[in-house]
Amino acid sequence: MKLDRRSFIAFGVGASAGVAVTPIPWKLMDDLSIWTQNWAWTPVPPDGEASYETSVCTLCPGGCGITVRKIDDRVVKIEGADGNPINDGGICVLGLSGPQLLYGPTRITSPMKKIKGELKPISWDQALSELAKKLGNMREDGKAGSLACISGSDQGTVPEIFARFLKAFGSQNFICEQSSADTYKITNQKMQGAYAAPEFDFANADYVLSFGSGLLDGWGSPVRMFQANSSWQNNNTTVVQVEPRLSNTAAKADQWIPIKPGSEADLALGMAHVIIKKSLYNNAAISRTTDFNAFKSLVLGKSLDEVQNVTGIEKKVIEKLAKDFINPKKRSVAVAGKGQGTTPGSIREIMAVQALNALAGSINRKGGVFTSRSADYINWPAIVMDRIATDGIRKKRIDEAGTGKFLGSRHLLNRLPKVINAAKGSPVEVMFIYGANPCYSMAGSKAVNKAIEKIPFVVSFSSYLDETAKKADLVLPNHTNLERYEDVYATSGINKAVIGLSRPVVQPLLNTMHSGDVIIKLANKIGGSVAKAFPWKSYKACLKQTLGNSWNPLMKNGFKTVVSSPVHSGRFNFAPLVKYSNSVVKAEGKGGENVTLILKDSIRLTNGYIGSTPYMMKTVSDKVLKTDKKKKMFYSRIEINPDTAKGLKLADGRYATITTSKGSAKVMVTCDEGIMPGVAALSRGLGHTAYDGYLKDKGVNVNNLIGPVEDPVTGLDAAWGIMAKLTRA
Amino acid sequence: MDSVLFPKGVKRCSLPMFLLGLIPVVLVLLWGVYAMLLCWIKGLNQTNMNDSYGFALWIWADLAVIAIGGGAFFSGLLKYVFGKDELKNIINYAVLIGFICYSSALLILAIDVGQPLRSWFIFWHANVHSMLTEVAFCLSCYFAVLTIEYIPLILENRKLNEIPFIHNMSHNMHGAMAVFAATGAFLSCFHQGSLGGVPGVLYGRPYAYREAILVWPWTFFLYTWSAAACGPCFTILVTKMTEVITRKKLVKDKVIHLLAEISGWMILTYIIAKIIDTIYWAQVTAPLMGFHWTEFFDSARSSLTYHGQWILYLEIIGCGIIPALILITKKGRQNTGALWFAVAMATLGVCINRWTMVMQPMAMPVMTFDSWNLYLPSWQEWATTILPVAYGIILIAISYRYLPIFPQESELNPSD
Amino acid sequence: MKEGHHHRKEKKFGMVIDLDKCTGCGACMVACMAENNVPFKQNETDKLDSITWMRVYKFDNGKKFPDTEVCFLPRPCMHCEGQSGHSGHSPCVSVCPATATDYDTDSGIVSQIYTRCFGCRYCMAACPYHARHFNWWDPVWPEGMEKALSPNVSPRMRGVVEKCSFCFHRYQLAMDEIYAKGHRDFDEKVPEYQTACTQACPTDAIVFGDLNNPNHEVNQIVKPDHNHRLTGKSGNPKVFRLLERLETNPKVYYLSSREWVRRAGDNYQGEETPENYKVKEVHH
């Protein structure tokens, strides 16, 4: 058939009309829209049976109770456990994003060994046998003392197992990360004769004076502190924050007193000057102290003008502050330790603040500060040490803690890099790293990394491929917090002690092993007296036996409240403060710097062993972290006062270079009226070089810019800032 | 080669020459198509829009092309309803420009929505309270009308017209055109207004919000009026540009001047209404919402910022009062330079109006702790916005070459 | 089914957030993300394309150092009831061309149907609170992390708008449970339905419940005045709503003891104060 043009057109029109009246195009349209609603690459979460399990969060030392919502065997949500004495239903950003840590791609999937510079998966058998052999040889060679362990904590059974292993093995070098609580312990030892952590009775205080403590920025048990803030609002408790910048804590305080960073002790002594000069102090309390007169002449020896000069706070403000604090009608308490308190800080500062508490009669008094009892439920039989162990233990600690100059200090992790780097060969042969990420979180990263690299054999127990695990020779991944048993002892800010039990809510997803079990197995492989020190079949058996009668209630509720009577402490002694009154910790600097760099802590960013989660990163303000216009490079934002910016020819959003004696970084400027002129602040918790695209290469790690500064008395890291040069980039 | 397809009695350049001339335009078109595909395949992350700037360049382009495409309905209205028969000499071109503008708007909308495959939900799950629903219905209907108005023109192609069926169909369609034109004019009045309602009903956005007469905010009427006023200016502008490119006179001055004069009076009355609207908005509407009208403009650094006050003056004075005055005076519209200037400014004016009504409400802070947002379109947005221009040029070029768009062409350019 | 529901009283779920208590910790934001399968990207520094159903704003009193003060303000969807006289004429609901967002008169919740939304973003243009977010990207969960997704809320696809739903699925679960127990309605004293943010907030700054229920804390704090020209205006002088003058009639209220914070809730000119400002004449 010949198809002419006319019939072709007619056919075309007819066909179109024909198709249009059939359901085909309409069905197709419908199908396409249904397709857009069911894209295969958009996940559909499978439904299942919902259940809830109670546990305790171990992602920070806070010890919050959690309720884990599961669908079949998947964890889909974590909520704060109602009725828990610590957090009563509340929860923080880190605890909430626990499932992201559990299921996240940065977890280590199996034991790994470094072969030709790369971590390769191996079996647990091989890993433990090789390690046991290595350690056995060390003992035979008389090098037991060169085993060391860095631990994120010394609380609870798991750190105790590590410490016990080292002791049975023959090494003193169980070295724990230290915080301001440790400086407090040394302070309490020297001033009250009790090596005990402070216990602030915030709930009963009428007046809280904080010397830069980030009470609402992740200090202590963070959720507990948020709740304390609400009770302060309800009870009309006055909160005064002394700090160079308007932190969240300062923002919620009734009064913010900006202070030149590093002069907090001077302010406390200046306040003492006012209080003593006008005899406003609590006479009854002072009569029970020692060496008050020496203290009196110390503080009166310094005029208020001098204090005004050093602190940058006007005399009349200091006078008013002193009078408000000492008001006999109010239960006042003063607290020190900057930010989250993760840096031990200056002992002079903490002593000076404790002296204020003494003047107000707030030591061991309701609404004041107590010396708290430490956990006493771990009572294991004494270790029977063999000859090797006894010999090894005689070698002095590598960090020199507890000896000579640093007699009062128990752990000086901050000194370790210096010691290792200064030695000819590495004094540490094998290093265990548990619950810590020193390559990221310790001040002076460069020296830390160098020291870790110098150690011949590093064993990481991390669950995540963090900066330190990447450098390890052997990785023995621990279960995550939702897969393992662990006890948590929490006291901070609660005025009662709570034992919490973290327990597995899901079966371990990956080829990981509880670090407690790893150590028990390792000890058994080494044999002899080392094995005998660990009479338990497994970590769970150890924990169950340790907790004894508490096990059942803990399994039921997740927590057990222990009413702790305060530790008996002696008369408050002012003498140590007088003795150390010149032990000022200054910011490092070579001269020629134009700003003082300080660090800021935020509850929305972690800065220790656990990395921030994708959800947490999402909550980080664009005033803290920002990309360039092409959205490629991430820059930490440095917070400065607009006046500072003006003087340095900088402006909000401009790039700048910050240089200290430790390093240099390109940053972006944030102008904020909430910071003192002359001071610059950078957030901690950024600038990771490990983990995944959600956390890696985002801004600068402030630990690259700041170094540890040894407190002249304790040897602990007391760095609160560093002198820096800020220039246009 | 293709001369058998040319309209009777006119000269056209050679086919290779014609194709050569189209190459750069086709390249721009392909660039636009590439950007369009990127947006469809990769999604709207290809744009620089964001959660604060959900409406941006594309929505502006939609509102603007429909406004300047308003020449089709208004000249149709004048010719078929008000009997300005003279305009038959430009109406074909007005229809073609309108067709291009409306099809472009539909294309841009198809790129702009996040789920184009579901866009028919606007009809299926229609929310009658939404101005956008009103727009969608009227826009599709009027586009159908424009297609019906454009088809007879295609059928008038010399070769096609030789087919008796087509000849008859074309003839009959011409006969019914008055009905379509009137329908179109009604639909168009309505949806130009609905488009005005799109920003006008946003009572959460103080810059855009206008109080209502019956159910429609003032902008409903202002948009129809401004499209009727400025659309013909764009028709004149494009006609003038076509004349420059083809180096031929295509439409008699008398026709142009008639349209220009009507436009002039329309612009003048519109701009008076717009000034009243602006004053009421600044003095009554804004203060009730807690704003001083100057806060609607970003004047943090100077008045010459991206979202500064200058744009208001440019729109009302430079692109409103001045072109109106030129066009209503005989001397003005008969001066070629002044006419060019006036129609260009009037076209720009209506585009600026649509621009400020889309961009300013998105950019300005409403919550006191918000700040001004600066938005610059991505290249993909520019390319897809320029795409219709290239498409328009090609369609005009082909239509001009093969269809009797300009009835006066052979008379004005007698072949020797 | 429908008829059985008639015995239920019409509810108006709303929230009051105590800004004195809010410390800006961000728990509400993360609780919301985890509860509602909100996606996350590797770069969330551009807050204008960051999907945050709940966002905590931080703003200051505009004063220079050292007189600066700061306020944190959590911003969920306001679930606006809209201009008085037209219940459910919310700024966004009234403009959605495809009825993909709706005002549920039973609960007062503004819903969003993701599978119906075709992504025109008119609702976003209409909302002055930036409470609506567009899925500019396909949501991507790192391998394995999709296990943490909740089956109660469907993940959204690219190209649609999403926003806070007052955890509507929790309301549905609560109602299911109530019916299963043979009851008809919430026990007035027991808050059986809470949003994820309310539950997570460690400071108890958020109180959520039925504004129509005089026995509920939220009603007692807010004391909504339905006869006021601005429907639902709080009778508590410390309580305010955001942009109340626009007549959006939000159901999220804020409480602050600080005058400058209350003032920051809306726009005022010259001598105007939150207690005394120009109002439109109402013609009856």
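Coordinates for the structure precede this section.
Everything quoted here is computed from the prediction, not taken from an experiment.

A.B. asks: Could you give me a rundown of the overall build of chain C, with the residues and numbers involved?
C.D. replies: Within chain C, the secondary structure is distributed over 6 helices and 12 strands. For a compact globule of 284 residues, the expected C-alpha radius of gyration is about 19 Å, and chain C comes in at 19 Å, within 12% of that figure. Taken along its principal axes, the extent of the C-alpha atoms in chain C is 55 × 50 × 40 Å. Counting over 284 residues, chain C shows a buried share of 66%. Nonlocal contacts in chain C, meaning residues at least 24 apart in sequence, comprise 60% of its contacts between residues at least 6 apart. When the accessible surface of chain C is split by element, carbon and sulfur atoms take 50% of a total near 10,600 Å². Each charge sign in chain C was given a centre, from 36 positive and 37 negative side chains, and these centres are 2 Å apart.

A.B. asks: Before we move on, could you go through the overall build of chain A and cite the residues and values that matter?
C.D. replies: What chain A contains, in helices and strands, is 27 helices and 28 strands. Relative to a compact globule of 729 residues, whose C-alpha radius of gyration would be 27 Å, chain A shows 29 Å and is just as compact. In terms of overall dimensions, chain A has C-alpha extents of about 125 × 70 × 50 Å along its principal axes. Buried positions account for 59% of the 729 residues belonging to chain A. Partitioning the contacts of chain A with sequence separation of at least 6, the portion at a separation of at least 24 is 72%. In chain A, 92 side chains carry a positive charge and 64 a negative one; their mean positions are 3 Å apart.

A.B. asks: Tell me about unusual backbone geometry, and name the residues and values.
C.D. replies: A cis amide bond links C:Phe65 with the next residue in sequence, C:Pro66, at an omega value of -5°. Looking at the element boundaries, C:Pro66 is found in the loop between strand S2 (55–60) and strand S3 (70–75). One non-glycine residue, A:Asn364, adopts positive backbone phi at about 50°. Relative to the helices and strands, A:Asn364 is located in the loop between helix H15 (347–359) and strand S14 (369–371). For C:Cys167, which is not a glycine, the phi torsion comes out positive at approximately 50°.

A.B. asks: Summarise the packing of aromatic side chains; cite the residues concerned and give the values.
C.D. replies: Tallying each qualifying case throughout the model produces 69 aromatic pairs over all chains. Here the aromatic rings of A:Phe165 and A:Phe432 are separated by 6.0 Å at their centres, their planes lie at 25°, and the arrangement is stacked. On the criterion of sequence distance, the pair formed by A:Phe165 in helix H6 (residues 157–169) and A:Phe432 in strand S15 (residues 430–434) is long-range, its members being 267 residues apart. In this structure A:Phe165 comes out as buried when scored by relative accessible area, which is 0%. You can call A:Phe432 buried: its relative accessible area is 0%. Aromatic side chains B:Trp60 and B:Trp355 sit 5.5 Å apart centroid to centroid with 80° between the ring planes, which places their arrangement in the edge-to-face category.

A.B. asks: Explain the environment of B:Arg210 to me, using residue names and the numbers behind them.
C.D. replies: Residue and element names in this part refer to chain B. Counting through the fold element by element, Arg210 comes out in the loop between helix H8 (164–200) and strand S1 (212–213). Sequence separation between Arg210 and Ile316 is 106 residues, and the spatial gap between their C-alpha atoms is 18 Å. Not counting the four nearest positions on each side in its chain, Arg210 is found in contact with Gly200, Pro217, Trp218, Thr219, Lys274, Asp277, Trp281 and Met357. At a separation of 3.0 Å, a polar atom in the side chain of Arg210 contacts the side chain of Asp277.

A.B. asks: Describe in detail the interface of chain B and chain A, supporting the description with residues and values.
C.D. replies: Taken together, the 8 residues of chain B in the interface contact 10 residues of chain A. Between chain B and chain A, the buried area comes to about 850 Å², and carbon and sulfur atoms account for 72% of it. Looking only at chain B, the three residues that lose the most surface to chain A are B:Leu117, B:Arg118 and B:Trp120, adding up to 54% of its buried area. The tally of links between chain B and chain A comes to 0 salt bridges.

A.B. asks: Explain the state of the cysteines to me, using residue names and the numbers behind them.
C.D. replies: Residues and elements named next belong to chain C. Tallied over the entire structure, the rule returns 0 disulfides over all chains. Note on Cys77: no disulfide assigned, nearest cysteine sulfur contributed by Cys164 at a separation of 5.3 Å. We classify Cys77 as buried; its relative accessible area is 7%. With no disulfide of its own, Cys197 lies closest to Cys167 among cysteine sulfurs, the gap being 6.3 Å. Judged by its relative accessible area of 8%, Cys197 is buried.

A.B. asks: So, the side chain of B:Asn92: which residues are in play, and what are the values?
C.D. replies: Residue and element names in this part refer to chain B. Structurally, the position occupied by Asn92 is in helix H4 (residues 88–112). Within the local environment of Asn92, its side chain forms a polar contact with the backbone oxygen of Pro404, the two atoms lying 3.4 Å apart. Not counting residues up to four positions away in its chain, the partners in contact with Asn92 are Leu153, Pro404, Ile405 and Pro407.

A.B. asks: Could you give an account of the sheet that holds strand S18 (residues 486–490) of chain A, with specific residues and numbers?
C.D. replies: Residue and element names in this part refer to chain A. The sheet built from 3 strands is open, its strands ordered S18-S19-S20 with antiparallel pairing. Two strands bound the open sheet, and with one partner strand each, they are S18 and strand S20 (559–562). Neighbour-to-neighbour, the strand axes of this sheet turn through a mean angle of 20°, independent of strand direction. Pairing of S18 with strand S19 (residues 497–502), which is carried by 5 bridges, proceeds in the antiparallel orientation. Bridging across to S19, Asp487 finds its partner in Leu501.

A.B. asks: How would you explain the sheet that holds strand S13 (residues 332–339) of chain A if you had to name every residue and give the values?
C.D. replies: Residues and elements named next belong to chain A. Spatial ordering of the open sheet is given by S11-S10-S9-S13, a layout of 4 strands whose pairing is parallel. Single-partner strands in this sheet number two, and they are strand S11 (255–257) and S13. Taken pair by pair, the neighbouring strands of this sheet meet at an average axis angle of 20°, ignoring direction. The pairing of strand S9 (residues 207–213) with S13 spans 6 bridges and is classified as parallel. Residue pairing across strands places Tyr207 opposite Ser332, the latter belonging to S13.

A.B. asks: Break down the pattern of salt bridges for me, with residues and values.
C.D. replies: A side chain of one charge can pair with a side chain of the opposite charge if their charged atoms are brought near each other. Enumeration according to the criterion identifies 61 salt bridges over all chains in this entry. As a salt-bridge pair, A:Lys631 and C:Asp46 come within 2.9 Å of each other at their nearest N and O atoms. With A:Lys631 in the loop between strand S23 (625–627) and strand S24 (634–640) and C:Asp46 in the loop between helix H1 (27–35) and S2, the pair connects residues from two separate chains. In this structure C:Asp46 comes out as buried when scored by relative accessible area, which is 16%. Between C:Asp49 and A:Lys631 there is a salt bridge; the shortest N-O distance is 3.3 Å. You can see C:Asp49 sitting in the loop between H1 and S2 and its partner A:Lys631 sitting in the loop between S23 and S24, one on each of two chains. Residue class for C:Asp49 comes out buried when judged on its relative accessible area of 7%.

A.B. asks: Residue-level account of the packing of helix H7 (residues 180–192) of chain A against H15(A), with values.
C.D. replies: To describe two helices that pack against each other, one gives the angle between their axes and the distance between the axes. Residue and element names in this part refer to chain A. Interaxial distance between H7 and H15 falls to 9 Å at its minimum, and their mutual angle equals 60°. What the angle tells us is that H7 and H15 run oblique. Pair H7 / H15 crosses with right-handed handedness. Of the residues in H15, those in contact with Ser180, Thr183, Tyr184, Ile186, Thr187, Asn188, Lys190, Met191 and Gln192 of H7 are Ile347, Ile350, Met351 and Gln354. Looking at the contact of H7 with H15 residue by residue, the class counts come to 6 nonpolar, 6 polar and 1 charged.

A.B. asks: Outline helix H11 (residues 310–328) of chain B, supporting the account with residue identities and numerical values.
C.D. replies: All names here are of chain B. In a regular helix each residue adds 1.5 Å, so 19 residues correspond to 27 Å; H11 covers 26 Å between its end C-alpha atoms and thus fits that length. Taken together, the buried positions of H11 are occupied by Ile311, Leu312, Glu315, Ile316, Gly318, Cys319, Gly320, Pro323, Ala324, Ile326, Leu327 and Ile328. Along its buried surface, H11 packs onto helix H9 (218–246), helix H10 (253–288), helix H12 (330–334) and helix H13 (336–363).

A.B. asks: Help me get a handle on the side chain of B:Thr242, residues and values and all.
C.D. replies: Residue and element names in this part refer to chain B. With respect to the secondary-structure elements, Thr242 resides in helix H9. The class of Thr242 is buried, set by a relative accessible area of 9%. With residues near it in sequence (within four places) discarded, Thr242 still touches Tyr93, Arg247 and Leu250.

A.B. asks: Run through the interface of chain A and chain C, naming residues and quoting values.
C.D. replies: Tallying the contact residues gives 66 residues for chain A and 68 residues for chain C. Regarding the contact of chain A and chain C, the summed buried area is about 5,500 Å², with carbon and sulfur atoms giving 59% of it. Ranking the residues of chain A by area buried against chain C places A:Tyr615, A:Lys618 and A:Tyr694 at the top, with a combined share of 15%. The interface formed by chain A and chain C includes 7 salt bridges. The interface formed by chain A and chain C holds 28 residue pairs in polar contact (both at pLDDT 80 or more) in total. Of all the secondary structure elements, the ones that give two or more residues to the side of chain A that touches chain C are strand S2 (65–71), strand S3 (74–80), helix H3 (93–96), helix H4 (98–103), helix H8 (222–235), helix H9 (248–252), helix H26 (614–619) and S23 of chain A. In terms of residue count, the dominant contributor to the side of chain A that touches chain C is H8(A) (7 residues). Of the residues belonging to the side of chain A that touches chain C, the class tally is 32 nonpolar, 20 polar and 14 charged.

Reading the values: rules and limits
- Residues numbered from 1 in each chain as written.
- Chains lettered and ligands numbered in written order.
- Predicted model: local features only at pLDDT ≥ 70, side-chain atom pairs only at ≥ 80, totals over all residues.
- Heavy atoms only, no water.
- Helix = DSSP H or I, 4+ residues; strand = E, 2+ residues; numbered from the N terminus.
- Rg over C-alpha atoms; globule rule 2.2 N^0.38 Å.
- Buried < 20%, exposed > 50% of the residue type's maximum accessible area, 1.4 Å probe, protein only.
- Contact = heavy atoms within 4.5 Å.
- Areas by Shrake-Rupley, 256 points an atom, 1.4 Å probe, with all protein chains shown as cover.
- Lys, Arg positive; Asp, Glu negative; His and termini not counted.
- Charge placed at Lys NZ, Arg CZ, Asp CG, Glu CD.
- Phe/Tyr/Trp six-rings, centres within 6.5 Å; stacked < 30°, edge-to-face > 60°.
- Polar contact = N/O pair within 3.5 Å; in protein donor to acceptor, adjacent residues only side chain to side chain.
- Buried area = accessible area lost by both parts, 1.4 Å probe.
- Salt bridge = Lys/Arg side-chain N within 4 Å of Asp/Glu carboxyl O.
- Disulfide = S-S within 2.5 Å.
- Pairing = 2+ DSSP bridges.
- Axes fitted to C-alpha atoms, helices over the stretch in contact; angles between N-to-C directions.
- Parallel < 35°, antiparallel > 145°, perpendicular 65-115°, else oblique.
- Left-handed = near helix turned anticlockwise from the far one by under 90°.
- Nonpolar A, V, L, I, M, F, W, Y, C, P; charged D, E, K, R; others polar.
- Expected span 1.5 Å × (residues − 1).

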